Amino acid sequence: MSLLVLQKTLFHVVICAGFLLVFLLWNRRPIRLFLPFLYGGLVAGLLLLGWGIGTGNMSMLLYSLIKVPMEVSNVSKMFAIPPLNYFYFNDIYYGISGWNWGFILNRILWIAGLAVCAIRFVWSLFHISKKETLPDLLITTLCIVQTLTFIFMMPAKHAQYLIPLAVFVVFYVADAIDFVWLQAKKAVFTRMLFAVGIGVFLFLCIRGYHDTTDVKYLWYNGGNQDEIQMLQTMLRTIPTTEYVFDMVGVSMYYPQPYVLSNAPGQILFFLSRPLPTIASSLIATDTKYIYQGSAKRITTFREEDQHYMNEHFTPVGDGSLLVRNDVVDSFRERWSR
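Parameters and conventions
- Residues numbered from 1 in each chain as written.
- Predicted model: local features only at pLDDT ≥ 70, side-chain atom pairs only at ≥ 80, totals over all residues.
- Heavy atoms only, no water.
- Helix = DSSP H or I, 4+ residues; strand = E, 2+ residues; numbered from the N terminus.
- Salt bridge = Lys/Arg side-chain N within 4 Å of Asp/Glu carboxyl O.
- Buried < 20%, exposed > 50% of the residue type's maximum accessible area, 1.4 Å probe, protein only.
- Phe/Tyr/Trp six-rings, centres within 6.5 Å; stacked < 30°, edge-to-face > 60°.
- Lys NZ or Arg CZ within 6 Å of the ring centre and 35° of its normal.
- Patch = residues over 30% accessible without salt bridge, like charges linked within 9 Å, V, L, I, M, F, W, Y side chains within 5 Å.
- Areas by Shrake-Rupley, 256 points an atom, 1.4 Å probe, with all protein chains shown as cover.
- Arc of directions from axis to C-beta.
- Contact = heavy atoms within 4.5 Å.
- Axes fitted to C-alpha atoms, helices over the stretch in contact; angles between N-to-C directions.
- Parallel < 35°, antiparallel > 145°, perpendicular 65-115°, else oblique.
- Nonpolar A, V, L, I, M, F, W, Y, C, P; charged D, E, K, R; others polar.
- Expected span 1.5 Å × (residues − 1).
- Disulfide = S-S within 2.5 Å.
- Lys, Arg positive; Asp, Glu negative; His and termini not counted.
- Polar contact = N/O pair within 3.5 Å; in protein donor to acceptor, adjacent residues only side chain to side chain.

### Section: unusual backbone geometry
Of all residues except glycine, most have a negative phi; of all peptide bonds, most are trans. Backbone geometry places Asp 286, a non-glycine residue, at a positive phi of 55 degrees. On the secondary structure map, Asp 286 appears in the loop between α10 (278-284) and β2 (289-291).

As structure tokens, then:
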């Protein structure tokens, strides 16, 4: 079902389906156990197929699902993020400045989880003849594939793409704690030592949570006060029935006139199917307002698009908002009230 709304999950779905099939074949279990998985995929697929045929736009549907995600991801290469970016200190993620328990624990948990995964992978390889090791081999392989994909293949290394990996990290940290408990429960002293260790660990987890979270409630959101003020001015001066070509995503209260919004114009250079020109869309929707933000995103679009917008629209205020020339005078009157 996730494939209907988020094509990025295709990779995870395909790998999981492949491992499930290998697991059934390896254990000589009847293939009918795989059928519920196929039925679920067919239900979602047929719904999507019916919608595509019903709208008469099957070609565009397949293009949007398969090629567009790959083409658009090339933009990320222009704004590269190093794979270890989230494991260096950053107070936006980790709260109070300097080293704190939230940052330290994050590193410890990730390193421990991936280390346990690697150990279990090697162990299952040396005991591959035993059927009970196959789940270990498949799950650890999936974790390793996800890790290598994020590091070497995924162009957009945003924090959300670590979520699938985080599931494995939690799983293997819990697995490590369980292993320690199995050794510790053999004697009273080691059980007491384990209880103390778990108590300290939970205390540090709570401390880490407060280190990274509490300070954020006190932050003054000064970085985008100009945008907040501009949005308030727009809501006061522009009816919400008017189209606003928003390149940033601030004024989403307004209908959007162009198929591409909230994105830099560089995306247009990577699409194999040309989109409608901005001029034709703005004319067809009688759009009078463009919001480009403080980054002046107009400059990221094609030269002909820039020429049209610069020729027919005039910047007002700090220049983040542009108003069509034929209505700019009346808008300035409303602006100054």
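### Points about the pattern of salt bridges
Summed over the entire model, instances satisfying the criterion amount to nine salt bridges. Across the pair Lys 288 and Glu 242 runs a salt bridge whose closest N-O atoms are separated by 3.3 Å. Here Lys 288 is found in the loop between α10 and β2, whereas its partner Glu 242 is found in the loop between α9 (225-237) and β1 (244-246), with 46 residues between them in sequence. According to the relative accessible area criterion, Lys 288 is buried, its value standing at 14%. Ionic pairing is found between Asp 305 and Arg 302, a salt bridge with its closest N-O pair at 3.1 Å. Beyond isolated ion pairs, a larger network of salt bridges with shared partners links Glu 242, Asp 286, Lys 288, Arg 324 and Asp 326.

### Notes on the packing of aromatic side chains
This model, assessed by the stated rule, comprises 13 aromatic pairs. Aromatic side chains Phe 89 and Phe 103 sit 5.4 Å apart centroid to centroid with 85 degrees between the ring planes, which places their arrangement in the edge-to-face category. You can see Phe 89 sitting in the loop between α3 (58-72) and α4 (91-94) and its partner Phe 103 sitting in helix α5 (residues 101-126), a full 14 residues away along the chain. With centroids separated by 5.0 Å and ring planes inclined at 65 degrees, the aromatic side chains of Tyr 94 and Phe 103 adopt a geometry described as edge-to-face. Given the relative accessible area of 1%, Phe 103 is considered buried. Taken together, the aromatic side chains of Tyr 86, Phe 89, Tyr 93, Tyr 94, Trp 99 and Phe 103 make up a single cluster linked through ring pairs. Directly above the aromatic system of Tyr 63 lies the positively charged group of Arg 273, at a separation of 4.8 Å from the ring centroid.

### Side note on a nonpolar patch on the surface
On the surface, a nonpolar cluster with roughly 790 Å² of combined accessible area is contributed by Val 13, Leu 35, Phe 37, Leu 38, Tyr 39, Leu 42, Leu 46, Leu 49 and Ile 53. Counting residues per element, the nonpolar patch draws most heavily on helix α2 (residues 35-55), which supplies eight residues. Its location among the elements puts Leu 35 in helix α2. The class for Leu 35 is partly exposed, based on a relative accessible area of 31%.

### Section: helix α11 (residues 303-312)
For α11, the full list of buried residues reads Asp 305, Tyr 308 and Met 309. Axial view of α11: buried residues confined to an arc of 90 degrees, hence all on one face. Relative to its buried face, α11 has exposed residues pointing more than 90 degrees away, namely Glu 303, Glu 304 and His 307. For α11, the secondary structure elements touched by its buried residues are β1, α10, β2 and β3 (313-316).

### As for the packing of α5 against helix α8 (residues 188-213)
Where α5 contacts α8, the two axes come as close as 7 Å, and the packing angle between them is 125 degrees. In this view, α5 runs oblique relative to α8, as classed from their interaxial angle. For the pair α5 and α8, the contacting residues are Trp 101, Gly 102, Leu 105 and Leu 109 in the first and Phe 201, Leu 204, Cys 205, Arg 207, Gly 208, Asp 211 and Thr 212 in the second. Taken together, the residues that form the contact of α5 with α8 break down as six nonpolar, three polar and two charged.

### Describing α2
Since the α-helix turns once every 3.6 residues, residues separated by three or four places project in the same direction. Here α2 contains 21 residues, and its C-alpha end-to-end distance of 30 Å stays within 8% of the 30 Å for a straight helix at 1.5 Å per residue. Within the sequence span of α2, burial applies to Ala 44, Leu 48 and Gly 52. Viewed end-on, α2 has its buried residues packed into an arc of 80 degrees, placing them on one side of the element. Exposed residues on α2 whose side chains face more than 90 degrees from its buried face are Pro 36, Leu 46, Leu 47, Ile 53 and Gly 54. For α2, the elements touching its buried residues are α3.

### Structural notes on the state of the cysteines
Counted under the stated rule, the structure contains zero disulfides. Lacking any disulfide linkage, Cys 143 is separated from the closest cysteine sulfur, that of Cys 117, by 3.5 Å.

### Topic: the side chain of Lys 157
Relative to the elements of secondary structure, Lys 157 occurs in the loop between α6 (134-153) and α7 (163-184). Buried charge without a salt bridge: Lys 157, with Glu 71 as the nearest opposite-charge side chain at an N-O distance of 20 Å. Side-chain polar atoms of Lys 157 contact the backbone oxygen of Ile 151, separated by 3.4 Å. Once you skip the residues sitting within four places of it in the chain, Lys 157 turns out to touch Ile 81, Pro 82, Pro 83, Tyr 86, Phe 150 and Ile 151.

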